[in-house]
Amino acid sequence: MVKVVCFILFGLICFSWLDFVYSEQEANHKTLKSKENVKAFAHLANIQTLSKTTALTFLKNIHHRPKRDGDLNISEECMEDTCVYEEVREFVNYKKLDLTVCDWLRRKKCEVCKSYEVCKTVNEDCRSLRAYTIKCVDPKLPTVSASLHDVQNDKGEMKQELFFSCTSEEIQNSVQYEYFQFVWLVNNTVSFTSEIVHKTNLSSGYFYERNGIHHLGIEVGCQYVAFRSVEDNGTVSKVSENFFAGLKVLHEPVIIERGREGVIQLQLTVPFGCFMYYDGDEKKVSPCSLHVELKNQQYIECGGIQSQSLCGTIFLNENWNAVKKVVVRHMNDVNYQVPTMHLVKFFTLPMKSHSIWSNVEIPEVKIHIEEKLTKWKGKACYSHSDPHMMTFDGETYDNQNAGTFIMYEGRDGSNNIMQVQTKLTPCNKVTGPGIFCNCGIAIRAASDIYVINRCPEDKLFFGFKHCVDDVLDVKKQDDFNYIIYFPTSTYVQLRLWTYQTENVIEVNIFPSVFDQETSKGLCSKLGSNGQFFDANDERIDARNDISKFIDSWRVTDDANIFLMNDFDFSKLNPMITPSSPFCSCLEVEGLEKYSETVTCGKQLNCSKPDHPIYNKMCHVKSKRSARSLFSYMPINMKQALNRRKRSVDAATMIMSKEEALAFCESYMKASKAFQTCRNVPSIDASKAIASCILDITLTNSTLWAPASREGFKELCKKELRQNNTLSESEEGKFMIEHINNIMCPNECSGQGVCNNGTCECQNDFGGSDCSQDLSIAPDVFSVNPESSGLCDTSDCEDVIVEGNMFLHGDGLLCKMEKFQASISNSRVFYETTYIPAELNTLTDVRCRLPNPRPKRSTMQEANHFVTGFKVSVSNNAKDYSTSHLVYILDSTCQDTINVSGQLRFTLKNNYCFINGVCVPEAAEYWINNCYICNTQSNVFVWSLNSTKNGCEKFARKDENQSQIYTISASVCGCLLTLIITTVVILRKMKTNGLKIEDFANQPPPYIDAAKPKLCSRKL
C-alpha cells in the first residue's frame, strides 16, 4: 500500500515537471510569434486608435478573448472606452491568428465586389471601417481622364489644349491584345471614332479638341475594341461611366439660414490651357485664370440670393483643381414667408487662351433657405401719442420724460449697429398737465443717419444727416406717413401730425429675424417672455420700477445723434461689408474682358412699396457742391414756422374712466377700417382702446383719440403687408382687398370722402388726410440751401425748395419769376412761369427751371451778368409762400464776393464774358478769327487782334463803324443807331460785292458784341 502511494506521488511530480517544461516552451513560442506579429503590424505603427464600431465588428468576427487575470473581455472594454489598437493586436497574438486588422478590413470591404481580384484599395486607412475605402474594378470597364498638351495654332501661337484618355485594367496589363480602337461619346452620343492603334501608341486614339470638342460642361465616355492581331475581329469592352468635364458644385444642396450667409464650393474637373512662350530654350506657360460668375435665376423684386466679390470667383492655372468658395447671402425681406428654394447658375466668362472654357454653364444649384427663428412674426414695438409704449413682446408702459432715448437697437449678420433714437418734448401745454410727445426721430444704420426733427426748440430738419453706404431705404406712403427700411428688413413706420400747435411723430418699429433675442432699447428683447433688460443687458423688474428701465436707455450727449456735427458723424463706424459689394446677376451679356469694374448684369432691384425719397446726399452724389465752386456763400435760410392748429379740434373736458371707455369704444366703432381690422390675426384692438382711455384721463381732451385709432390701423396694414399667408385663401384675399379699399388716413379728418383707400377732400382742404387748410400757404425757408441759393450752369436743371407743409395735389405749384442781375446785384425782372412742383417730403419740393441757362443778352453784359429766379410755392395755385432767390452762375468765369455783407458778383481773371458765355484769354471768335478775348481791352466784347496778318481791314471798318455809332448815339440814341448800323452794313456788303456766306470775313455782329458797349456808353 505504501509502495502504491509513493508511486502515485512520484508520477504526479513527474507530470508536473513535464507540464512546466511544456509551458515554458509554449511561452517561448508565443513570444516568438508575438514578435513576428509585431513586425507584421509595423507598417501601421502610426495608427494609435481604432474606432469603437470597427473594433467591435472585428472582435465579433474573430470571437471574444477569454477573461485573463480578472480583466474584462476586450469587447466589453470597447463598450466602456475607445479600443486601443495595441489591445486588438494583443488579442490577435494571443489567439495566434494569421490576420491583421487591415487584412480583415480589406476582406470585409471587398465582399461587395464580384471577386477579390477586382477589388482595389483606394484609401488604406485602417482606423475605421468607414475610412478604409475600395472600389471594384472591372478589367473591361474603361475610365476617362483629362490632361493638357502643347499645340501651335494657325497664328503661330503656342498654347495648351485639352485631351481625354481612355484606359482600363485590360489595357494597362495587356498581354494578349496588341491593338486598340477607341469610340468616344459626348453626352451619350458617339462623337469620334479613332483609327486602330498599337498598344505602344495609345495616345493616337485619344480624344482631342480637334476631334470635335467645342465647349465644356459635357459628359464624356469611351469604349474600345481590343485586337490580338490586325486580322482579329476584336473584343468589345464595356462603355465607361460618364466623366463630367467642366465646373461642378460640391456638397449640394446648399443650406442657408434666413437672412444669413452660406458657402457654395466649386471645383473644376478638367484643367484649362494658357498661352506659352520660350524663355531662351525653355518653354514656359504664361499664367492665366478662369473667371466664374453667378447668375441668379430667381426673378423676384425683393429677397433672393446675392453673391459677393464680383459675383463669383477666379481659378488660377497653377492650381486649377482647387476648391473655390463663393460666399452667398440670402437677402431677407419683410414677408413672413419666403421661398425656401432658390436656384442659381454659375458660368465662365470668355477666355481667349482656351475658348472651349468660354461661357460654360453648370446646372442650377439648389439653395435651401432654413428658418429657425419665427417668434418675430406678428410682433411690433411702438411709441404712440404721449407716448404710450409697447415692447416687442407686447408689454405696455408710458414714458412721460423729456430727453432723447434709444427706442430700438439691433445688429445685422456682420454686427453692424441699427438704432432708433426718439426725442421727447412737452406737448400738452393748452388743455392739461405736462405730457410729453415724440417730436424727433434719428435712425442709424452703421454710419448712415436719417433724421426728422420737428421739435419746437430745434431747427426743422427732414433728411439724411450723414450717408456713406446708402443702406437706409426711405419711402413715402403719403404726405404724413413714411417708412424707413433697415438693411436687415426691420423697418420704422412714422406718422407726422399736429397736436394742438405741436408737431408730433407716431413711431412703429416692425422687427425681422435679426431681432429675435437680440433687440435692445425701450422695445426690449424680442422673445424674452415679456422681460425688461437695461442698457447693461441686466434684467429689471420694470413692473415695479419702470423709470429705472427708461432711464437706462436715456442717451448721453456724446451719443446723441441730434447733437452730433459732421465731425462726430465722420467718427462713426461704416458698414462692415465684404471687400466687394454684393450683387445679383439677372442678365449677362458676353464680356470680352474681365476687370475690377465689370459687373455681371443688373443689380437686384429690391425696391420696397411706396415712393422713394429724393435726397441729394445719398442719391445724387455725382453733382458738384456749389460750396466748392464760389468764394462767398450768402445766408439763404429764414425759418419761421406758422403755428398751425389741426383743422378739427375738440374742447377740454373731464371724463370718468367709464365715460372715456364708452367714448373710445364708440369712436373706434365709427371706423369701418378699425372694425374690419379686428379680424386680422396678431393684432389686439383692446390695446388701442386702452390707449385712448388713458389719453383722455391724462389730457382731459379727446384730441389724442385719432392717434390711438390710426396706430391700430397701422398695425393692421403692417400685418396685411407682411403676412403673405393671408393671401393664400380666397377669404384672406377678399379681406385684404376690402380693408385696403376702406382704409383712408385719419378717416379723411371728417373733411373728405374715402374712395378706394384715398381721401377726396372738400374744397379748401388738402393733404393725404384732408386735415390742412390750403388757403394757408406753405412755409418756405430757403432755395438750394446746400449751396446758399446759388446754382452752377453745369448742373442746374432744378432747385430744391425747403420749408414745411408742402402737400400733394394739383395745386402744388412753383412760381418762377425770371430776372437778370448786374455785377452789383441790381435785378431786372422778366416773365413769370408756373411749374408743377415735384413733392419729395412734407418739407421739400423740387422746382424745374423753365430755362436753366441764360439767353444771349442784348444789353450791356456788366448790367446783366447773372440770371436767376425768384421762387415761391403754393398748395392751391392761389396762395403763395414768401419768395426766395436763386442765382445761376457759370463757375468757369463767374464768382461771388462779399461786399459789406451783401452778395455781389465778379469776373475771374483771364476771362471774358461775351454773349452770356465764359471765354478764356486770347480765345478766337469762332466766326471770325481776327477777333479774340482781350481782357486788357474789354471783357464783355470781342476785341480785334490787330497783330494778326490779314486783319488790318477790320481795323479800318471798326474806325468807320465807331464814328457812325458815336454820331448816331448822340442824335437818335441806341434804337436809331441799330437801324443806321444795319443799313451801313448792308450797303458795305453791296459795295464790296459780299455775299451772305462771306459774312465770316466781317467783324463780330454788333448785336452780339459791339453795340451793347456803345449803346450804354456816356457821350
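As a convention, each chain's residues are numbered from 1 in the sequence order in which they are written. Under the rules for a predicted model, residues below a pLDDT of 70 receive no local features and side-chain atom pairs below 80 are neither given nor counted, while totals for whole chains, interfaces and linings still include all residues. Hydrogens and water are ignored here; the side-chain numbers use all heavy atoms of the structure.

### Topic: the pattern of salt bridges
So, step 1. By definition here, a salt bridge exists when the distance from a side-chain nitrogen of Lys or Arg to a carboxyl oxygen of Asp or Glu is within 4 Å. Counting across every chain of the model gives 29 salt bridges.
So, step 2. Between Lys-238 and Asp-138 there is a salt bridge, with the nearest N and O atoms lying 2.4 Å from each other. Taken together, the residues span a long stretch of sequence, with Lys-238 in the loop between β10 (235-236) and β11 (243-245) and Asp-138 in the loop between β2 (133-136) and β3 (143-152) at a distance of 100 residues.
So, step 3. Burial status follows relative accessibility: with a 1.4 Å probe on protein chains alone, a residue under 20% of its type maximum counts as buried, one over 50% as exposed, and anything between as partly exposed. On the basis of relative accessible area, Lys-238 is assigned to the partly exposed category, the value being 41%. Numbering of helices and strands starts at the N terminus; helices are DSSP runs of H or I of at least 4 residues and strands are runs of E of at least 2.

### Observations concerning the packing of helix α10 (residues 657-669) against helix α13 (residues 705-722)
How two helices pack is summed up by the angle between their axes together with the distance between the axes.
So, step 1. Fitted lines through C-alpha atoms serve as axes, helices being fitted only where they are in contact, and the angles separating the N-to-C directions of these axes extend from 0 to 180 degrees. Taken N-terminus to C-terminus, the directions of α10 and α13 make an angle of 50°; their axes are 11 Å apart at the nearest point. Comparing the axis directions of α10 and α13 gives the class oblique. Two packed elements cross with a definite hand, and for α10 against α13 that hand is right-handed. Of the residues in α13, those in contact with Phe-663, Tyr-667 and Met-668 of α10 are Ala-705, Pro-706, Ser-708 and Arg-709. Angle categories are assigned with fixed cut-offs, so that under 35 degrees is roughly parallel, over 145 is roughly antiparallel, 65 to 115 is roughly perpendicular, and the rest are oblique. Crossings are sorted by hand: turned counterclockwise from the far helix by less than a right angle, the near helix makes the crossing left-handed, and turned clockwise it makes it right-handed. Contact definition: two residues touch when any of their heavy atoms are within 4.5 Å.

### Structural notes on the environment of Thr-498
So, step 1. By the secondary structure assignment, Thr-498 is in strand β33 (residues 491-499).
So, step 2. Since its relative accessible area comes to 8%, Thr-498 is described here as buried.

### Describing the packing of aromatic side chains
So, step 1. Only centres within 6.5 Å qualify two rings of Phe, Tyr or Trp (six-membered ring in Trp) as a pair; their planes then separate them into stacked at under 30 degrees, edge-to-face at over 60, and tilted for everything else. Scanning the entire structure with this criterion turns up 30 aromatic pairs.
So, step 2. Ring centres 5.9 Å apart and planes at 45° place the aromatic pair Tyr-408 and Phe-486 in the tilted group. Of this pair, Tyr-408 sits in strand β26 (residues 403-411) while Phe-486 sits in the loop between β32 (481-485) and β33, and the two are 78 residues apart along the sequence. Note on accessibility: Tyr-408 and Phe-486 belong to one class, buried.
So, step 3. An aromatic cluster of at least three residues, connected via ring pairs, comprises Phe-163, Tyr-177, Phe-180, Phe-182, Tyr-206, Tyr-208 and Tyr-224.
So, step 4. When the ring centre of Tyr-880 is taken as reference, the NZ or CZ atom of Lys-815 above it lies at 5.6 Å. By the criterion adopted, a ring carries a charge over it if an Arg CZ or a Lys NZ lies within 6 Å of its centre and within 35 degrees of its normal.

### Things to note about the sheet that holds strand β12 (residues 247-250)
So, step 1. Only strands joined by at least two bridges in the DSSP assignment are considered to pair. In space, the four strands of this open sheet follow the order β12-β14-β20-β18, with antiparallel pairing throughout. What marks the edges here is a single partner per strand, and that holds for β12 and β18 (305-307). Across the sheet, the mean angle separating the axes of adjacent strands is 40° when strand polarity is ignored.
So, step 2. Two strands pair when backbone bridges link them, and β18 and strand β20 (residues 324-330) are joined in this way by three bridges, in the antiparallel orientation. Directly across from Gln-306, in β20, lies its bridge partner Arg-329.

### Focus on helix α14 (residues 730-742)
So, step 1. Here, expected helix span is obtained from the residue count minus one, scaled by 1.5 Å. In this model α14 runs 19 Å from its N-terminal to its C-terminal C-alpha over 13 residues, within 8% of the 18 Å that 1.5 Å per residue would give.
So, step 2. Within the sequence span of α14, burial applies to Gly-732, Met-735, Ile-736, Ile-739 and Ile-742. Mapping the buried residues of α14 onto a view down its axis gives an arc of 150°, with all of them on the same face. Of the exposed residues in α14, those oriented more than 90 degrees away from the buried face are Glu-730, Phe-734 and Glu-737.
So, step 3. Residues of α14 that are buried in the fold lie against α11 (672-677), α13 and β38 (752-755). This arc describes the spread of directions from the helix axis toward the C-beta atoms.

Note that all results are geometric; they support no functional claim without further evidence.
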